[in-house]
Number of protein chains: 4
Amino acid sequence: MDVAIIGGTGYGAAELIRLLHHHPQANVKKIISQSNSGVKMSEVYPHLTNIMEIEMEDFDAEALAKEVDVVFFATPSNVSKHRIPELLDLGVKVIDLSGDFRLTNRELYKEYYGEEMASDKYVNQAVYGLSEIYREEIRKAALIANPGCYPTSVTLGLMPLIDHQWTINETLIIDAKTGVSGAGRSLSLNVHYSEMNENMKAYGVGKHKHIPEIEQILTDRFSEEVQVVFTPHIVPMTRGILSTMYVDLKDSKNTAEVIDLYEQYYKNDPFVRIRKEGVMPATKEVYGSNYCDIGLYMDERTNKLIVVSVIDNLVKGAAGQAVQNMNIMFGLDDMAGLELLPTYP
Amino acid sequence: MDVAIIGGTGYGAAELIRLLHHHPQANVKKIISQSNSGVKMSEVYPHLTNIMEIEMEDFDAEALAKEVDVVFFATPSNVSKHRIPELLDLGVKVIDLSGDFRLTNRELYKEYYGEEMASDKYVNQAVYGLSEIYREEIRKAALIANPGCYPTSVTLGLMPLIDHQWTINETLIIDAKTGVSGAGRSLSLNVHYSEMNENMKAYGVGKHKHIPEIEQILTDRFSEEVQVVFTPHIVPMTRGILSTMYVDLKDSKNTAEVIDLYEQYYKNDPFVRIRKEGVMPATKEVYGSNYCDIGLYMDERTNKLIVVSVIDNLVKGAAGQAVQNMNIMFGLDDMAGLELLPTYP
Amino acid sequence: MDVAIIGGTGYGAAELIRLLHHHPQANVKKIISQSNSGVKMSEVYPHLTNIMEIEMEDFDAEALAKEVDVVFFATPSNVSKHRIPELLDLGVKVIDLSGDFRLTNRELYKEYYGEEMASDKYVNQAVYGLSEIYREEIRKAALIANPGCYPTSVTLGLMPLIDHQWTINETLIIDAKTGVSGAGRSLSLNVHYSEMNENMKAYGVGKHKHIPEIEQILTDRFSEEVQVVFTPHIVPMTRGILSTMYVDLKDSKNTAEVIDLYEQYYKNDPFVRIRKEGVMPATKEVYGSNYCDIGLYMDERTNKLIVVSVIDNLVKGAAGQAVQNMNIMFGLDDMAGLELLPTYP
Amino acid sequence: MDVAIIGGTGYGAAELIRLLHHHPQANVKKIISQSNSGVKMSEVYPHLTNIMEIEMEDFDAEALAKEVDVVFFATPSNVSKHRIPELLDLGVKVIDLSGDFRLTNRELYKEYYGEEMASDKYVNQAVYGLSEIYREEIRKAALIANPGCYPTSVTLGLMPLIDHQWTINETLIIDAKTGVSGAGRSLSLNVHYSEMNENMKAYGVGKHKHIPEIEQILTDRFSEEVQVVFTPHIVPMTRGILSTMYVDLKDSKNTAEVIDLYEQYYKNDPFVRIRKEGVMPATKEVYGSNYCDIGLYMDERTNKLIVVSVIDNLVKGAAGQAVQNMNIMFGLDDMAGLELLPTYP
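Note that the structure is predicted; figures quoted are calculated from it, not measured. (Residues numbered from 1 in each chain as written. Chains lettered and ligands numbered in written order. Predicted model: local features only at pLDDT ≥ 70, side-chain atom pairs only at ≥ 80, totals over all residues. Heavy atoms only, no water.)

Peer 1: Even after reading the chapter, I still don't get the relation of the copies chain D and chain A, so can you show me in this structure?
Peer 2: Expressed as a screw operation, the relation of chain D to chain A combines 0.0 Å of axial shift with a rotation of 180 degrees, fitting to an RMSD of 0.0 Å. Read as a symmetry element, the transformation amounts to a two-fold axis. Considering only C-alpha atoms, the part of chain D nearest the rotation axis is D:Tyr193, at 2.0 Å. Of the residues that chain D buries at the interface, 100% are likewise interface residues in chain A, meaning the two copies contact each other through the same surface. (Least-squares fit on C-alpha atoms with pLDDT ≥ 70 in both. Contact = heavy atoms within 4.5 Å.)

Following this line, the structure appears as structure tokens:
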């Protein structure tokens, strides 16, 4: 299976290369970069010396259609919407790690992404690539809108409650914390080392692009419209997202019962691991891997359920889930190329 | 003013020494350590070479009563309760950085601290040392129960709403994140460098000692009993606490109105700084200083107020507030010895 | 190929499990831990949940001889010397990640390891497992003394000069810097998070166990006895060693000539990568992988050659090289199980 | 004493503000910034909220001459050389934290700084501000060329040997490691958080601006011309420089004798602390303070002396030494404004 990656200089591309290198069936044949056409990947990322020595190229839809089976977009917002239609028309399968095709509501897209959404013809073809939840739709899709990093950790952390209608919340409180790599490789004072080291802050409060995405997916599976209060924070580490969620349950449950629900719900999903009662997951326990680990605590004193969900933002939150979706689209095992254990410590 | 510090080998003592060194009126005369009696402070903390060369001593209440004006306890839980009564009986003023005298409810103390509380005779003398709120009581106190690090950031962040009865919440959601120094200098696998670096986790969920403390203080000022869901997290940095709080308001307000309330409320408190609309504080902006910086955002979409409060857990969350309380007890300016700017970057 | 790991709770064992999990021919059948016999590996290392659920066992040489093909020791100093003789007598192949069988000089062992060395009968069977250099000897060995982390980075960085007799030094200056994981999982104030974060120091100056090891290996290939001044430093990161070496060359050379020597020397060694002129390697470029990357600069002004060599101390500096040695012993490709790319960023 | 700071948005200015805030005699009256004229300092550095609310201004030599007693330049290379002559002509005292007036050799300046040096008339007025060594010259100077961060740690670490002619080296090996703040606040991929965290590398090998500076100062005090091999490394922490130096002594000495030399040499210098035999300093032990701590080890096996010197690069390596020099110029105690203890942990 031949693969192309668009957006060769970002962390998403680098991580796709790492994962696909271990994939028994996939082969990275082309890397596209507008800004670095003609440059070798190993010059931009010296860790790839002797491993990925091909030169990056300009985007050429017809050449891609001829030479590869699937194209990954690891581009900033509002790029892929201009490129993907042509590829779809040429019959190429596409997995888009950016947010361009995730939302279904044009107005929200405009509000949060600042531009017009792609035309309905193409948006309607997109399947939201939350692998564990939309597996059947992914199998048949031509275009995958690969979920955002936060939405992956949040929706996997809440879906058993949502799908089983255990919660009464139409308003959920989500307090999320991310490592710095989520901000990408573009320079910014916020993620300048001396500013970010030994520092922690909330950002994008009330305005983050992932708010409408989370609400759309939760609402899709719940009996009512779901609203979230979503507060992202950045903490001084490179990889990892931890989302803490506060939920009111319809009926009285204890921690063991909630854990049981989750274990049943994810029993066929190798990448979701539910912690035992009394144990909470740490981001380092999924570092570099495609796992989503979930811890649960029913606070009987206040009658709130606390859900803690951790992922590696660059793997399950981006490139790993993209490869998992490729596997599903092509009828392969979910774990193909993704058996890498967490790197610990 | 001569000062003694009990618990010489912990971070609380080291930080008291740093702050008192700059204090125009205070002089550290004695450092008490059971485990390191006879050892020089600079051997335990080489950064104090040439600065604090006195030898640590055993605890001796009568000697303390004779030689110092105030005693700081920077000891683990369930230590000061055995020592402070004797000092109070001898007429010595005491500031206790541990939690032994913070709670007023015996049952809660036993549940969260695992032992019996001190006798009522002494507990009743304790004033909770949240400087900005209990200034009048602190002025006359013989014994200060210096607040915990989390409770300081949380109660300062909520007090304007609580005191003015702006919130309808009897249940508040508090998601707190701390740097690692809060765990002290005692060795533990949780804070072993290789385990904690590039890692983040929730801990003590539903069971943290600071839950009853926060509830007691908020209830003390509110019209109803306040309950909190409090989830502490540890993040890979040494200093800093950031608490994110989710509050429902009685009446509809916008962000500017809330900021105005806070600015009025703290207008005479030099250590509390309210950020402008659209700006959130970062922990590094208070690093090494006694400031508590607060950011506010009224999410009109979901009708939730988000309060973000940051402190340096070892300063405003421990030694700094203790010195501030000493200043208030002795009629000095709040800022004496505490004018140190944040160390940035 | 069935494998046992002795010393199940240390980082060496955890890393062996990670690498062997990806090995096409190897299977971890037994994990031995004196202190945690009966405990599941995933309880000690939650990142291994659902992946390595076997219970650790007590050491039993006969059971090991029956059930596995090779035994890895990832134990502290002065443990394996008591266990390995019995295994060798039973015909089991052994790879020892500890230092017990690395030195050939009894007096130096006693001086640096504080105890008596194992008996000559067994020490003489040991082959020093620097894969690239002693490949032929490793192929036929029953016992591999897997190199220390520093010695690996140092000897690979110097060997082309030593083997080709390009240097005149009998005294080499080596300034080495390590991440914290090299200190292992045992608790110590030195590597307590709050002490080690945002900190850097030299340690073990003039006394480090790796001094005699480096000298023994360099002397083995050089025309004269080699002495080193070796100064280890610890820096605030989990993984990575960077060794900077200062060498006087016999004949005048420029940087390009030195690079050429190195490229020729390592042209058949897939894990050693030589950087181009003007480029120095960074530890993150080998993070989690078995690579040793080397940068070279001939300072013509002072006539000193500067060699910079980086490895991941837990991979090429420990578990990775151990697996590479297993591959060589069993006639497999060096890269089997070790194709993992560096995790970047 | 009224003070102006030129280069208001860099870390040097921020650190000068922190230190001068504690200075009993100095008052920051003006902050000059070309790029941020009209902007409040607290908008660029929110940690200065309520503390430094003055607006930055354009450079105006005559206004400065009228209103302040001393001007600090905390500007990038090749800026101050255009501004300082005018100020000197107007009789203003100047302390330049940049490198523009440190070198005396025009050719070296051009080679390492890429431009022409200022004219001799002004260069000749500059005194190199290594406070402990050139105290007498500083006292009378109108223009201080404040030393670079590396040169400070290196020359203080070597000066007792150089001044007493104990070394035979004309070529010294210096392996230096710095925290990231030395790179300043300007954005660069090298110090982008995700690239620099959990990473370490050598940089500027053989080409660093501080090479001619170190050689000039050491040669100034030694009997022969001194050459250095100087290899800077960057490690993942914000503050701190650790220099490790390898020296050959003329006569045989043991560690105690060398320590004794250093203690004598610096006995009147409050900011230089010599560690006891067997103890090496750590950068965290000087964090945020003006100390330079030195550890010494005579390796009798190889006959090399190892000197380890640590400073906070932004304090003793920049703003702190600048304030110390101001104190000396104005006849104040060295420690005025600089009594801040290291922030530990």
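Continuing now.
Peer 1: Sorry, what's going on with the pairing of strand 13 (residues 304-311) of chain A here?
Peer 2: Regular strands have side chains that alternate between both faces of the sheet. Residues and elements named next belong to chain A. The buried fraction of strand 13 is high, at eight of eight residues. Of the two faces of strand 13, the one lined by Lys 304, Ile 306, Val 308 and Val 310 and the one lined by Leu 305, Val 307, Ser 309 and Ile 311 are each fully buried. The pairing of strand 10 (residues 241-247) with strand 13 spans seven bridges and is antiparallel. Each residue of the ladder has a partner; that of Met 245, found in strand 13, is Val 307. (Buried < 20%, exposed > 50% of the residue type's maximum accessible area, 1.4 Å probe, protein only. Helix = DSSP H or I, 4+ residues; strand = E, 2+ residues; numbered from the N terminus. Pairing = 2+ DSSP bridges.)

Peer 1: What am I meant to see in the packing of helix 8 (residues 149-163) of chain A against helix 10 (residues 210-221) of chain A here?
Peer 2: Packed helices, taken two at a time, are described by the angle their axes make and the gap between the axes. Residue and element names in this part refer to chain A. Two numbers describe how helix 8 lies on helix 10: the axes approach to 10 Å, and their chain directions differ by 25 degrees. In terms of their interaxial angle, helix 8 and helix 10 are classed as roughly parallel. By crossing handedness, the relation of helix 8 to helix 10 is classed as right-handed. Contacts from Cys 149, Tyr 150, Pro 151, Val 154, Thr 155, Leu 158, Met 159, Ile 162 and Asp 163 in helix 8 reach His 210, Glu 213, Ile 214, Ile 217, Leu 218 and Arg 221 in helix 10. Its residues assigned to classes, the contact of helix 8 with helix 10 shows 10 nonpolar, two polar and three charged. (Axes fitted to C-alpha atoms, helices over the stretch in contact; angles between N-to-C directions. Parallel < 35°, antiparallel > 145°, perpendicular 65-115°, else oblique. Left-handed = near helix turned anticlockwise from the far one by under 90°. Nonpolar A, V, L, I, M, F, W, Y, C, P; charged D, E, K, R; others polar.)

Peer 1: What is the right way to read the domain arrangement of chain A from this model?
Peer 2: Interfaces are often sized by the amount of accessible area the parts lose when they come together. All names here are of chain A. Splitting chain A by domain gives domain 1 (2-124) and domain 2 (150-313). Taken together, the 14 residues of domain 1 in the interface contact 14 residues of domain 2. Interface of domain 1 and domain 2: buried area, both sides summed, is about 1200 Å²; carbon and sulfur atoms make up 51% of it. Contact with domain 2 buries area across many residues of domain 1, yet Tyr 11, Arg 102 and Tyr 112 alone supply 48% of it, more than any other trio. The tally of links from domain 1 across to domain 2 stands at two salt bridges. One salt bridge in this structure joins Arg 239 and Glu 15, with 2.8 Å as the shortest N-O distance. Linking domain 1 with domain 2 are six residue pairs in polar contact (both at pLDDT 80 or more). Elements with a contribution of two residues or more to the side of domain 1 that touches domain 2: helix 1 (11-21) and helix 5 (106-113). The residue makeup of the side of domain 1 that touches domain 2, split by class, is seven nonpolar, four polar and three charged. (Domains from an automatic or database assignment. Buried area = accessible area lost by both parts, 1.4 Å probe. Salt bridge = Lys/Arg side-chain N within 4 Å of Asp/Glu carboxyl O. Polar contact = N/O pair within 3.5 Å; in protein donor to acceptor, adjacent residues only side chain to side chain.)

Peer 1: In this structure, what is going on with the sheet that holds strand 1 (residues 2-6) of chain A? I would like to understand it.
Peer 2: Backbone hydrogen bonds are what pair the strands of a sheet, in a parallel or an antiparallel way. Residue and element names in this part refer to chain A. An order of 2-1-3-4-6-5 is seen for the six strands of this open sheet, with the pairing classed as parallel. Looking at strand neighbours, the two that pair on one side only are strand 2 (27-32) and strand 5 (126-128), the edges of this open sheet. Adjacent strand axes in the sheet meet at a mean angle of 25 degrees when their direction is disregarded. As judged from the three bridges shared by strand 4 (residues 93-96) and strand 6 (residues 143-145), these two strands associate in the parallel manner. Paired with Ile 95 across the bridge in strand 6 is Ile 144. Lying on the sheet, helix 1 is in contact with strand 1, strand 2 and strand 3 (70-73); it crosses strand 1 at an angle near 160 degrees.

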